[in-house]
Amino acid sequence: ESAACDKAATEALKLLTRFTDSSIYRMANEAEARYRELPFIYEREGSIIHGVIDLVLRLPDDRWLVCDYKTSYVTGAKPQALRDHARRYHLQVGIYAEALERQVGVVPEVKLYYVRDSEAVTVAEADWRQALERGLAAHINALVVDGGAP
């Protein structure tokens, strides 16, 4: 049990050290405002959606950034494997981005930060908007019926 705790602590320290070397960490340190675990609620397609955004930053040049942390183990050639994996989160981060846009009046940048790989994947506005346009019902139906995103 002690060896398992030591191993977990060593892994956590390694991940934390790598995070402090990341672009997301640098952006957070330079940000004019930082919001961690930011709760939100908004309406879309007649449904009330609520959740918690891992990190929202207002950057010095008045850009906004939404960042969602992912702890998944992603196999395959990086960075393409991470970009492929990120597609499954386009609806999720699209909801975050649209909720923030409604609040601040600015389209935010969106990134997924893969903690285990110390890599940030940018999700283009066109990609998350496309996921939103497919509609929530289509995504929910695909998850229930097919076990995956449409």
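Here the structure is shown first, and the text comes after it.
Right, let's walk through the structure included here. Source: prediction; values computed, not measured. (Residues numbered from 1 in each chain as written. Predicted model: local features only at pLDDT ≥ 70, side-chain atom pairs only at ≥ 80, totals over all residues. Heavy atoms only, no water.)

**A word on the overall build of the protein**
Item 1. Scanning the protein for helices and strands turns up 6 helices and 5 strands.
Item 2. If one aligns the C-alpha atoms of the protein with their principal axes, the spans along those axes are about 50 × 40 × 30 Å.
Item 3. Out of the 150 residues belonging to the protein, those deemed buried represent 39%.
Item 4. In the protein, 58% of the contacts between residues at least 6 apart in sequence involve partners at least 24 apart. (Helix = DSSP H or I, 4+ residues; strand = E, 2+ residues; numbered from the N terminus. Buried < 20%, exposed > 50% of the residue type's maximum accessible area, 1.4 Å probe, protein only. Contact = heavy atoms within 4.5 Å.)

**Looking at the sheet that holds strand S3 (residues 64-70)**
Item 1. In spatial order, the strands read S1-S2-S3-S4-S5; together these 5 strands make up an open sheet with mixed pairing. Taken across any chain shown, the strands that pair with only one partner, and hence form the sheet edges, are strand S1 (33-44) and strand S5 (119-122). The sheet shows a mean angle of 40 degrees between the axes of neighbouring strands, taken without regard to direction.
Item 2. Pairing between S3 and strand S4 (residues 109-114): 6 bridges, direction parallel. The residue bridging Lys-70 from the neighbouring strand is Tyr-114, located in S4. (Pairing = 2+ DSSP bridges. Axes fitted to C-alpha atoms, helices over the stretch in contact; angles between N-to-C directions.)

**A closer look at the side chain of Asp-54**
Item 1. Of note, Asp-54 is situated in strand S2 (residues 47-58).
Item 2. This buried residue, Asp-54, is left without a salt bridge; Lys-70 holds the nearest opposite charge, at 6.1 Å.
Item 3. Within polar-contact distance, the side chain of Asp-54 engages the backbone nitrogen of Tyr-69 at 2.7 Å.
Item 4. Asp-54 has contacts with Tyr-35, Arg-36, Glu-37, Cys-67, Asp-68 and Tyr-69, leaving out every residue within four places of it along the chain. (Lys, Arg positive; Asp, Glu negative; His and termini not counted. Salt bridge = Lys/Arg side-chain N within 4 Å of Asp/Glu carboxyl O. Polar contact = N/O pair within 3.5 Å; in protein donor to acceptor, adjacent residues only side chain to side chain.)

**Quick word on the pattern of salt bridges**
Item 1. The final tally for this structure, using the stated rule, is 13 salt bridges.
Item 2. Of the charged contacts, one joins Lys-78 and Asp-117 as a salt bridge, the two residues approaching to 3.6 Å between their closest N and O atoms. Here Lys-78 is found in the loop between S3 and helix H3 (80-86), whereas its partner Asp-117 is found in the loop between S4 and S5, with 39 residues between them in sequence.
Item 3. Here Asp-84 and Arg-87 are joined by a salt bridge, their closest N and O atoms 3.0 Å apart.

**Some details on the packing of aromatic side chains**
Item 1. Considering all chains together, one arrives at 7 aromatic pairs under this definition.
Item 2. When the centroid spacing of 6.3 Å and the interplanar angle of 55 degrees are considered together, the rings of Phe-40 and Tyr-42 count as tilted.
Item 3. Among the residues examined, Tyr-42 registers a relative accessible area of 8% and is labelled buried.
Item 4. Ring centres of Tyr-69 and Tyr-113 lie 6.3 Å apart, and the angle between their planes is 90 degrees; this geometry places the pair in the edge-to-face category. Taken together, the residues Tyr-69 in strand S3 and Tyr-113 in strand S4 connect sequence positions 44 residues apart.
Item 5. With a relative accessible area of 2%, Tyr-113 lands in the buried category.
Item 6. Taken together, the aromatic side chains of Phe-19, Tyr-25, Tyr-69 and Tyr-113 make up a single cluster linked through ring pairs.
Item 7. The ring of Tyr-89 has Lys-70 lying over it, and the distance from NZ or CZ to the ring centre is 3.8 Å. (Phe/Tyr/Trp six-rings, centres within 6.5 Å; stacked < 30°, edge-to-face > 60°. Lys NZ or Arg CZ within 6 Å of the ring centre and 35° of its normal.)

**A look at the environment of Val-52**
Item 1. Mapped onto the elements of the fold, Val-52 is located in strand S2.
Item 2. Val-52 gets classed as partly exposed once you look at its relative accessible area, which sits at 37%.
Item 3. Look past the residues within four positions of Val-52 in its chain and what remains in contact with it is Glu-37, Leu-38, Pro-39, Phe-40 and Tyr-96.

**Focus on helix H5 (residues 125-134)**
Item 1. Of all the residues in H5, the buried ones are Trp-128, Ala-131 and Leu-132. Here the buried residues of H5 occupy an arc of 100 degrees about the axis, which is enough to place them on one side. Opposite the buried face of H5, by more than 90 degrees, sit the exposed residues Ala-126 and Glu-133.
Item 2. Directly after H5, the chain includes Gly-135, whose backbone phi takes a positive value near 95 degrees. (Arc of directions from axis to C-beta.)

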